Structure formats: C-alpha cells, structure tokens
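Chain residues, written in single-letter form:
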2 protein chains.
Amino acid sequence: MHTLDRTAKYWALLLGLILASLCATTQADDGYRMWLRYDTIANDTLKQQYRDQLQQLVVTGQSATLQAAKAELTRGLDGLLEQKTAHSQRLNNKASLIIGTPDSSSAIAKLDLGSSLQAVGPEGFIIQRREIAGQNATVIAANTDTGVLYGAFHLLRLLQTHADISTLAVQSAPSIEHRVVNHWDNLDRLVERGYAGLSLWEWGNLPEYKHNPRYIDYARINASLGINGTVINNVNADARILSDAFLTKAAALAEVFRPYGIKLYLSVKFNSPMLLDGFDSADPLDPKVQQWWRERVKKVYQYIPDFGGFLVKANSEGQPGPQDYDRHHADGANMLADAIAPYNGLVFWRAFVYAPEQGDRFREAYDEFKPLDGKFRDNVIVQIKNGPIDFQPREPFSPLFGALQKTNIALEVQVSQEYFGFSNHLAYQGPLFEEVLDADSYAKGPGSTIGKTLAGKVFDYKHTGIAGVINPGTDRNWTGHTFVQSSWYAFGRLAWDVELSSAAIADEWTRMSFSNADSVRSSIGNIMAISREAGVNYRMPLGLTHLYAQGHHYGPAPWHDSSGRPDWTAYYYHQADKNGIGYDRTKTGSNAIEQYNPPLVTQFAKPETTPEDLLLWFHHLPWDYPMNSGRSLWHELVHKYDTGVAQVRQMREQWQSLKGQIDSERFTQVSAQLEVQLRDAIYWRDACISYFSSVNGLALPKGSPAPAHPLQYYKDQESVRYVPDPWYPI
Amino acid sequence: MHTLDRTAKYWALLLGLILASLCATTQADDGYRMWLRYDTIANDTLKQQYRDQLQQLVVTGQSATLQAAKAELTRGLDGLLEQKTAHSQRLNNKASLIIGTPDSSSAIAKLDLGSSLQAVGPEGFIIQRREIAGQNATVIAANTDTGVLYGAFHLLRLLQTHADISTLAVQSAPSIEHRVVNHWDNLDRLVERGYAGLSLWEWGNLPEYKHNPRYIDYARINASLGINGTVINNVNADARILSDAFLTKAAALAEVFRPYGIKLYLSVKFNSPMLLDGFDSADPLDPKVQQWWRERVKKVYQYIPDFGGFLVKANSEGQPGPQDYDRHHADGANMLADAIAPYNGLVFWRAFVYAPEQGDRFREAYDEFKPLDGKFRDNVIVQIKNGPIDFQPREPFSPLFGALQKTNIALEVQVSQEYFGFSNHLAYQGPLFEEVLDADSYAKGPGSTIGKTLAGKVFDYKHTGIAGVINPGTDRNWTGHTFVQSSWYAFGRLAWDVELSSAAIADEWTRMSFSNADSVRSSIGNIMAISREAGVNYRMPLGLTHLYAQGHHYGPAPWHDSSGRPDWTAYYYHQADKNGIGYDRTKTGSNAIEQYNPPLVTQFAKPETTPEDLLLWFHHLPWDYPMNSGRSLWHELVHKYDTGVAQVRQMREQWQSLKGQIDSERFTQVSAQLEVQLRDAIYWRDACISYFSSVNGLALPKGSPAPAHPLQYYKDQESVRYVPDPWYPI
C-alpha cells in the first residue's frame, strides 16, 4: 500500500504541477474572452455540485444554431467544471442537460411545455430543473433554435456567477424586439469614435477569409446577450457598401453570424443611385429612383437571404436625404420601406437631425418628426438618440419618446466613449442606459417609461428596437478599455430585460469578467457605480453640456465661441456671462420644454422643481442662485468639479486594492489608464474652472485649489493636447 | 501489483487527457508568438537529451539585460523541455548552462576566454560545451550583457531547430554595426504602407501604460535577431515628435527596449525649428537654427540618455531639406551631426531623393550624392534603398553602393509589402535581400559585394548600417500575413550575418514557426523559395517596373500615363509602343548605366549580356527581340506572366498539403490569403497582357489563355477595385 500511495502521490504531484502551469497561463488575461471566460470554478464544493447536476449533455438537433449552442455549452462546461463534457443522444441514468425545441428533441416534446413556451415567444427560453424518467435533469427549451442558444448562454452565466441551479425555473423573453448593435466602421477600416483599433471587418481578404476566428467570437459575444442584429458600417455611409463587390463580402459575414441568430444590416447613403449609377437625383418620389432601390434590394437579398434591413442617416450633418428634394423624412423612409417590404426587411431611420439654421438645436428632432407621426410605413422604425443633443455625459431624455405614438421607434445609445474619454477612461455606461430606460415621458400618465414604451407596453407599435453604438476594433481586448466591455454587456442585458438594474448587471459582469470573490466584486462594483457620475462631474456638472474641444471630443474648450455653426461651439450651450450661466429653454427662452408632456413641462419650467443635475439644460441662472446644498450655483459648480476629481482618485484607490486578486495584465493596464484619467480629470476641472471664473470674476470657494495654470495655458493646449485618433487627426 | 498498475494507469490516463487538452490549446496558433514559440519538443529522445545537457541555469549577474536573458532561457527551456527549469547561483554536480560576461560571472572569468571573446567584439558571443569542474557544462559568454542575451536567443534557436548541442563551439559576431528596424508610423497611429493594423505605439496612454506586454514582446522579437536599433516613427516625419509631450512618451518606450539592447531613434522633420518654434528658416548654416538643434538634442538626451540618433528624409517627395536654402545634403546632415556628436548620436540621412525635374529618376540619387562623397561627418550614415527607384519587385542594385567610398553607408530594404500585395500575398523577401547583399559593385574589383561593403570589408567606413522597413501593427500576428514574419526574420538574420543563404534562413524560420517535420519543412520551403519570383512574374517580369495603380501600389495600371509627375506614371517606366518596350539607359538613352563600375557598364550596355531578369530596366527592345529561350520578347513576357500565375497555383497546392500537419488557425488564414493571391495574380496577368497586347497589336502565344475581360474592364476597375487601406483611402 505504501508503494501504491507513493505512486499516486507522485502522479498527483505531477498533475498538480501541470495544472499549476495551466493556471499560470490562464492568469494572464488579455481581455480577449470578454465575459465569456470559462476558467475553472475555484470553489471545489460548488464545482462538484455542478458536475453532479450536469453529468451529460443531450442535443439531438442538427441545425447550425443548435450545434453552436452545443459547442458553447461544451466549451463552457469543460472549462468551468474542469472535465470533458459527456455527450449522449439519449436519456440514461445520468443527470442530463437536455437542450432543444419540441421539434428537435423528442424528450422536450414529451414535457408538455406548451403554455410556458407560448409565453416566451420566438426568442425566449425556459430552463427547468425537473425529474425526467426518474432522473434529475436540466432542460433548456425554446420555440426556436435561437431561443435554445440564448438559454445555453443563460445557463452558463448562472454557472459563471455561482448561482444555485438545483431548483431552476427560468422563463425569459426579450423586452424589445430588435436588439441591434451599430458599428460606425468605414470601408477603409477606420472606426468613427471607436478608439479600439481598426474595424474588425477585413474587407481586403473577404469573402475568402471568412473563417476568421474573430468573427465567430464576435458573434458569440453578441449572442450571449441576445443581440439579434448588427449594422456593420458607419451611419455616415459609403455608397459602395451596396456594390456587388462589397455585398459579396458582407454576405460572407452574414453567413458567419447566421447560426448565432444575428441578422446583418447595412447603413446606406440616401443618394446611392447617384453615386453608384450616375443618377442625377435621388428624389424618393421619382419612379426611376424607386425602381433603382427595388432592384438593389432584390440584389441584396440574393446575396443575403435573411438580410435585416437598412439604417439611414439622412439630412443630418451634411448627409443627403429627402429634404434635398423638398420631401420629408417619411417620404424618404417609406420609399426604402416599400422596396424592402417584400422581403420583410426593415428601415431604421435616424431622428438625429439638426438643420443648419439658428435656433435651439434641442428642439429640432422633435420639430421635424412629431408632425410626421403616423406617416411612416409599418416596417420603418425611427431611431432616436437618448437625448436631444448628442450622447453627452448627461442629457434629459429626448422629448420624441412619448411623442411618436403611431410610429415605430428605437432608442439609440452609445457604448463607444465618444464623449467619455475615449478608451482611456473608465466610465461604465450602465447607469446612463438605466436612467434613460427609467425616464418617464408621462405620455399615458405616470409609468410611461421609455423602457416600457420600447417593450411595447405603452403604445401599440408594430415594431420596436434598441441600438447600441459599439466600438469594437482590432485591439486585443476588443474595446480598448476593459470596462467598455461592461457597457456593451449592460447594453445587451438591458435590451433583453429593460427592468434590470445597472448595479446588478455590473455585478454579473464583474463575476464573469474578473472574479466571484466578494472583495473583488465590492471594489469593482464601487468603481462602476460612480464612474459615470464622476465623468459628468469632472466635465460638465449641473446640466452643462458640450464643453468639448471641437471635433475630437476629448478635452475641454468651454471658451470655444466660434465655429462653422453656432451649435458646434461650447458657448452656445453654456451661455455664461458675468451675470449667469445656462440655457433658458423655458417660455422666456426657446421654450423647448413645451415638447415634454404636461407634468414635466411644469417641473422643468422652474429652477426650483428642475432636478439639479439637469438645471442648466433648462435655465439661465445667476451665479449666486442658491442650490439645495446651501451653496451658491458657482460654489456648487466648483464643488461638483472637485467631486469629480475626488471620485477618480477614489476609483484609483479601489482599483489598487485589487492587486494580486485579479490577473496582473488587466490590473496593470487599467491602473495605467486610471492614471491617465486622473490627469485628464484634473485638467478638465482646472480648465473649466479657469474659464468660468474668468467670465464671472468670482473667487473659488475656500478649500478648493486654484487651477494649476492660467486660462491661457489651457487655451494654448487645445491644439497641442494631442490624443491620437486616426479618425480625427489634428 | 495489479492495483498499483491500475492506479498508475488511471493517473497516466488523466494526465494524458490534461496534456491533450493542453495540446489542443497550443495547436490553435494565432501567430502572436512569431518564431519565439517554445512548444514542447515532440521527439522524446531529443527532449531527454537536452534535459540531460541543460540541467540547470546559472546566472549570477543582476543587470536588466541579464535578467531578460535569464527570463527568456527559462521561458524557452520550460516550454521546449516541458519542465520547470532549475536555477542555481553556483556550479554543482549538475550539467549547468552558465551565462554571463567575465565581469558578471566568476565561473566564466575563470574560463580564460580572452582571445575568443576579443574576436567577437562588443555584441558577439561564444557558446561552448565543455567540462567545468568535472561536470559537462554549456557556456554562453560575451563581452557585454547584450552579447549574452544574443547568445541566449541563439541557443534557444538551436533547440527549436533540433540541433545537436553536445559539442557546441559557436563563435558569432554581427556583420554590420547598426542593425535597425524602421517604422513608418504616424503619430495618429496610421502606418504608412503597413497593412497590419494601427501603430503599436499607443501614444494616447503613454507614458502611463508603458508596461504593455506587447512592447516587451516587440523587444524580444527584435533582440532574438540581434537588432540593435529602432526608428519608431515615419520618415515622412511629424515635427511634434520632438515636442516634450512626445519625448516623454518616447522615453517610456526607450526604457522598455533598453534591456534588450535596442536603441531608440527618431525620424525628424528638417524644418522642425519652423514648425515647433516659429522660426522663419531652417537653413542649416544659420547659427540660430544650429543653436535650436543643439538645444533640442540636449533635451532629447535628458529624456533618453542612450538615444540612438535621427533618421532624416530631406528634399524628397515634398519633405523640407537643406536644398530649400541652396545648401546641399551634407550641409544639412552635418548640421544635425554636429548637434548630436557630443552624445555619440548618429544621423541616418536618406539617399532616397528625386528632383521634380524631367530626366531619368534612376540617375538622381547617384547624381546628387556621389559629388558629396567624403563631405559628410563621421557620425553621418547615408541610408540607401537597395535599388535606384523604390522597393520594386526586382531592381538592379543602386549604383550608390560602391560609389560612396568615403561616406558611411547603410542599406535600406523593405519588409513591409508595399509593392508585394500588402498583407494579402505570400512573398518571402529573403531572396530579394540576399540578391542585394550578394550583388557585386566591383568597386574594388570582383567580390566587392554589397554585403561585404556593409560589413566594412571593402572600404574603411567609420560606421555602417542596415535598415529594414518593417510593418508590425496591432494585428494579432503583428504583420497581417504570417509570412511577412519570415521577411522580418530574414532581415534580422542577414543583418547579423550577411553570408547566410535565404533558403537556410527560410528553413530555420519554418522549423521555429511551424514544425521540424520534414514534410512541413519541404512544403513551406518550396513555397518560400518561389514566392518572391512568383510576385515578380505575375506583376512585372523581365525588368519591367512600377506598373502599379498610382498611390495605393496594389493593383496594376500599366496604362497609366498622366500624373503630377511623369515618373509616377507606369508609361514612364515601360515606354511601350507599337514597336517595342523598355527603358533605354545605355548611351543612346539616359546613360544611367555609366553610374556602375566598369565591368557592369559593359555588361549592361548590350541586351545580349544583360541578365534577362533586368533586361527592360536598361534596354528598349523590339517586341520580337529573341530571348534565350528562343521565344520572342513578347512571347517570353506572356510566358513569364503565365509562370507567375502557375507558381501561385503551385504555392496553393503545396500549402493544402499541410492540412493537419500544422495548426488549423494559420492553415485556414493562409489558405484564404492564397485564394486572394491567386485571384490577384490572374488579375495582374490579365490586365497587363490586355494592355500590352493593345499596344503592340500582337496575338498571344498558343496555349496562353486570353484575358478574362477586355482592357476597358481593367481600366474601369482601377478605382473600384478597392483594397482597404486606412493610409491610402480611395
């Protein structure tokens, strides 16, 4: 027996050494796997429990989607449970994990899940733990293979977050019909506002190199969230995307995404007939133009039979559109909608418009689109940015939500950190998304939140959607900053379930992306909870907005007062002078507040009832206006700037506490990025305070340090302060 | 005993499973490790032999460079020998691997290596297998820590290529003093002619994020070849690189590279005093300008104490230079040289110039620089492209080699495939580099090869150098196409030893990058052997050159006959008309051949004695000129185009034979890229033959297929045929 013991010990030791070296490998994490990390569960008891509960995988269907689900579960269970997953075609005396639809699995067909399945619709799923033929089994069932795939990712998430799966009874269906990511990728592979490398789409070697592992991983990442559409090119579209050359390439991508339930969409340029075929007009009411689109659409569907549809930015920031021919947006959208309707395609038509005239830019999308409500075809969805301006750190919600009642709508939010420090800053966007979804338009009385509206519970929409402008590029970790991943994650999770809280999502993401250890969850949770508000505070608190240097949107230039258009300056937005600051949007000003529904009109009409974090969006107030804190507006403003800097310091401190608790690669990278962020936060605070104090001539409150440099220094730095961005070289 | 057996078997099985899963991991190879792959040696006998021969590693020095050598050996031996490397501070009864200098290692000091060490100079090394204190030991010794590091990489290469190390007696020193890689990276992270993602240098988060693992791996890759300098920014330089903001960032990179023996150099803009500090002149003879440079250089050395020096592109393609002030190149170079001399810095001054006047561009670099021979300071090195034009698939060597006899010179070659199909095509450049190094200038009679000249064996140069324009970017495999790695490798190996053969280097690279299996070596060896010649054949055989579409340099446009300058057209180079084709550079033409030394002048003067692969570089010949093959020039030309296409088919076939023998990830990617290459090769052949036959009105030889489309098709495609390149968007 001694000999035996020693031999066993020898092997065990060797095994340990090998596993240790394995672990050493997995401990260096470059972020590529995003949240789909399937490292072995460290808690042995839990791991054994899961092993006992999921002894074999039973997949009987053969579709590409079911094979993808099977592959994902195998990969996940192999890793998490540290064993080769057993596969079986039939039930036996083992605890099975059975996945499928009633059509693909006779075992599932026998379970009589009719009503539960009916309740979850075409994309939902149910997961049940129940006894089948005398054995404990776990069932993932759905009406479609895609639903099964979503259920598979859900189960893996439960394991990754160490959930108890002994009595599972999950019934889940998406809140919103179309859950779409938007890429702002140009055909030359530059990504507008991307900051994470070049475009993922390697046009130069497509369609030949379609089996690029990165394309499949991209699809897995999105499918894990239930995202069912991707617009692969920039809304500032290149007409050539509709050429046969590019359709051949796009079709190869669509083929890779298809098994993952992801439809491919394209951004198109409204005057494509002119640019591609020499037409002298793109008038949507011109029969020749309509014919051109019908033929092109037919061609598109020859290449991509399940093509999703078009996304259009028209008559916005120089893009062509129907107004070039004195037609309105509905004319343009409906022309495309008619061409694509025979194939069940959709047209996402953006409401991000602002005419070049003077006036309050805040008003313009509403003023243009509200009169068109009800005039759009059933297969048009008007895609509205969360706020009335442009993805600023904090905006009130766009009054179009609640105003378009007979027009399908989609919400557009930005994961890419165009206004949040690019990929240098940590700024989890979950709280922003949550704020928007929870905002109440009062369109049908209290409770008419944007989330409920998108879920089709307020108006009787034919379709709804949600679009997230994501930034992935060739950077190894996809998003440049690891924490931009968390915003992508939050976007997808909220698209699936608008009722989720951003804090719960942050915790889920942290468990999957870093660790289930309480100390890690608590530190990262704290950081994520304050990061967006910190970004507001050190840039533009109290409802200030758009104080950026023009064009690159990274650094501050509150002094900026001349430009091609007034609404590209900072002054246009803050209106600061010796006497006060803020944009009067009440009756004495632009009266933009009239675009909201009654209770809000009243609320926003007076500074006392306006939420302080939106105050200067709606009111021009004297510098000594008394705030709730008892401070004057000026002192409160400085206090907010100081708070923003303090919050970044706090984030940095929290992050340092993670040393040794997470992999060193991401620890080091985020540490360095937090140094950059602190440098920038101080810079923002100092530049803005320098400027505003030069305008109002007031002293800083006691205890608040003077800016490091005189105002002129910051003005001089505006061009020198170089943040390399191939999209926007200075 | 049965029980024991079974237990052992159980553990062995488990172990096997784990190792299998380990192997499954290593089998997916994304190319990131380049040739520094340290996967376990599959041959058990050999592995055991190495284990016995290298039982422990003895490193006594503490310098960062020795620590890097130790870390590399540990990583390499851990992987290759599949065991934890034992470390010791002293000799004992184990077979030691001892590394160090006589200063850092008393064991090495005792070996009395004086004369051998003297022979290998400051960067060379010796590796000996010998008995020390009664034990077999392996010794890596050098005069400097960098030499030790190079020796460490050499030993690992021996193991990676399965060499017999039982009787090692290596003595190695570099042929060329300055072995430098050149990046054409812009500060906005676009890489000119890079095709492999964005620049590696993440300026936006430097200096904070200097511990980017990619920077260290970059340094390892170069150090493994003995590369001792890197110019990190584009020769089309941005003056801001000399600003304090960027010097701070560059200094962080220099700090990372330093332990690996790699000096940092910068490309500078000649009129920096004007752009950075508002000077109204950059006249090199202006004392104020000289003073500006002295001060800036002083600053540079404050940031980077071991800064290598400047690389300058002046009075070339619109870049400013001394000629703007009626000064000559030596005036400009010497001014910078004087400023940097106190710090032992160098000035690499490029000879790639061509004046905007009419005339033969071939002549221009020689005509400008030859008269200046001997007028440059001792710390100036004139950097000369291999050919007289610009990195074409085949050029005769630049006549400046052999002509500059009293001026330090460097050879500049291109690893990046600007003219070789970007990162889509497989085109191992080793044969091209070898062809250049072996070219004989006859400057001091036969044997005055460029290789020997650079090795300082022909003229009494104070310094020499070799520069490789490399393309690494953020693409996961660094270079876009896996085989561009092989050209980087060949550049470095030839820089170290100009006598190596490109075929031997290809085999070395294949063993390290793919496999030591004979069948793999043979297939990849065949592919690499023909790839460059294939690229010549399907693009511009028989001495044709520069038939590219203007600007993007990917596709063909032999019909191109008007441009901003005549020498940017294709017609300028081929001069094809009804009667003949080729550029007459004999006495009846531009007489550029007079720039070569006597035996070559005679040889190139007549078509009969001119090598056929250079024929149309020097002669305008009738279409029916009889070639050695017996074919007419026209038929030979078509034959060459056909051969090029056939060679790509052959490469594709050879590659397919590797299925299952190499990792599937690189197999799939290169397979797809070869499809692209075949498509492009056919396109090149068809477009060129269409055009030339339209000029000469001659029929194709029998058996040679007609082009797929009429000529107009190819002309129309010139703008549509879009190869995405953020550097050169169409």
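Computed from a predicted structure; not experimentally measured. (Residues numbered from 1 in each chain as written. Chains lettered and ligands numbered in written order. Predicted model: local features only at pLDDT ≥ 70, side-chain atom pairs only at ≥ 80, totals over all residues. Heavy atoms only, no water.)

Enquirer: Please provide a residue-by-residue account of the overall build of chain A, values included.
Expert: In terms of helices and strands, chain A carries 23 helices and 16 strands. The C-alpha radius of gyration computed for chain A amounts to 27 Å, which stays within 12% of the reference 27 Å derived for 730 residues, consistent with globular compactness. Counting only C-alpha atoms and orienting by the principal axes, one finds that chain A spans roughly 90 × 70 × 50 Å. For chain A, long-range pairs separated by at least 24 residues make up 73% of all intrachain contacts whose partners lie at least 6 apart in sequence. (Helix = DSSP H or I, 4+ residues; strand = E, 2+ residues; numbered from the N terminus. Rg over C-alpha atoms; globule rule 2.2 N^0.38 Å. Contact = heavy atoms within 4.5 Å.)

Enquirer: Lay out the pairing of strand β14 (residues 464–470) of chain A with the relevant residues and their values.
Expert: As a general feature of sheets, a regular strand has side chains that alternate between the two faces. Residues and elements named next belong to chain A. Among the 7 residues in β14, 7 count as buried, and that is most of the element. Because side chains alternate across β14, one face comprises the buried residues T464, I466, G468 and I470, and the other comprises G465, A467 and V469, equally buried. Two elements, strand β13 (residues 409–414) and β14, share 6 bridges in a ladder whose sense is parallel. Of the residues in β14, the one forming a bridge with A410 is G465. (Buried < 20%, exposed > 50% of the residue type's maximum accessible area, 1.4 Å probe, protein only. Pairing = 2+ DSSP bridges.)

Enquirer: Give me the sheet that holds β13(A): which residues, what numbers.
Expert: Hydrogen bonds along the backbone pair up the strands of a sheet, which may run parallel or antiparallel. Residues and elements named next belong to chain A. As summarised here, the arrangement of the 8 strands in space is β7-β8-β9-β10-β11-β12-β13-β14, forming a closed barrel in which the pairing is parallel. Within this sheet the neighbouring strands show an average axis-to-axis angle of 25 degrees, counted without direction. Pairing analysis gives 3 bridges linking strand β7 (residues 178–183) to strand β8 (residues 229–231), with the strands arranged parallel. Bridge assignment links V181 to a residue of β8, and that residue is T230. (Axes fitted to C-alpha atoms, helices over the stretch in contact; angles between N-to-C directions.)

Enquirer: Explain unusual backbone geometry to me, using residue names and the numbers behind them.
Expert: The omega torsion of the bond from A:L206 to A:P207 falls at 5 degrees, within 30 degrees of zero and hence cis. Residue placement: A:P207 occurs in the loop between β7 and α7 (213–223). In this structure, A:D326 takes a positive phi of about 60 degrees despite not being glycine. Turning to its location among the elements, A:D326 is positioned in the loop between β10 (309–312) and α11 (329–340). Of note in this structure, B:H553 is not a glycine but carries a positive phi near 60 degrees. Tracing the sequence through the fold places B:H553 in the loop between α17 (518–539) and α18 (571–574). Residue B:H553 is classed as buried on the basis of its relative accessible area of 8%.

Enquirer: I'd like to hear about the pairing of strand β3 (residues 96–100) of chain A, residue by residue, with values.
Expert: Residues and elements named next belong to chain A. Counting buried residues along β3, 5 of its 5 residues qualify, which places the element largely inside the surrounding structure. Bridge analysis of strand β1 (residues 56–59) against β3 gives 4 bridges, and the strand direction is parallel. Note on β3: the bridge partner recorded for V59 is I99. Direction of pairing for β3 relative to strand β5 (residues 135–142): parallel, over a ladder of 5 bridges. Opposite L97, over in β5, you have T138 as the bridge partner.

Enquirer: Talk me through the sheet that holds strand β8 (residues 229–231) of chain B; I want residue IDs and the actual numbers.
Expert: Residue and element names in this part refer to chain B. Taken together, the 8 strands give a closed barrel; going around it, the order is β7-β8-β9-β10-β11-β12-β13-β14, and neighbouring strands pair in parallel fashion. Neighbour-to-neighbour, the strand axes of this sheet turn through a mean angle of 25 degrees, independent of strand direction. The pairing of strand β12 (residues 380–385) with strand β13 (residues 409–414) spans 4 bridges and is parallel. If you follow I384 over to β13, its bridge partner there is L411.

Enquirer: Describe the nonpolar core, listing the residues and the values that go with them.
Expert: Within the largest apolar cluster, 218 residues are counted, with the highest numbers of intra-cluster contacts made by A:F257, A:W488, A:W655 and A:F692. At 13 residues, helix α22 (residues 664–696) of chain A tops the list of elements feeding residues into this core. Membership of the second largest hydrophobic core comes to 217 residues, among which are B:I140, B:L674, B:Y683 and B:I689. (Core = buried A, V, L, I, M, F, W, Y, C linked by side-chain atoms within 4.5 Å.)

Enquirer: Can you explain the packing of aromatic side chains? Please cite residues and give values.
Expert: All told, the structure shown has 92 aromatic pairs over all chains when counted by the stated rule. Seen from their ring centres, B:Y218 and B:F257 are 5.3 Å apart, and the 50 degrees between their planes marks the pair as tilted. Taken together, the residues span a long stretch of sequence, with B:Y218 in helix α7 (residues 213–223) and B:F257 in helix α8 (residues 244–257) at a distance of 39 residues. According to the relative accessible area criterion, B:F257 is buried, its value standing at 0%. The structure contains a cluster of three or more aromatic residues connected by ring pairs, namely A:W35, A:W201, A:Y215, A:Y218, A:F257, A:W488 and A:Y489. (Phe/Tyr/Trp six-rings, centres within 6.5 Å; stacked < 30°, edge-to-face > 60°.)

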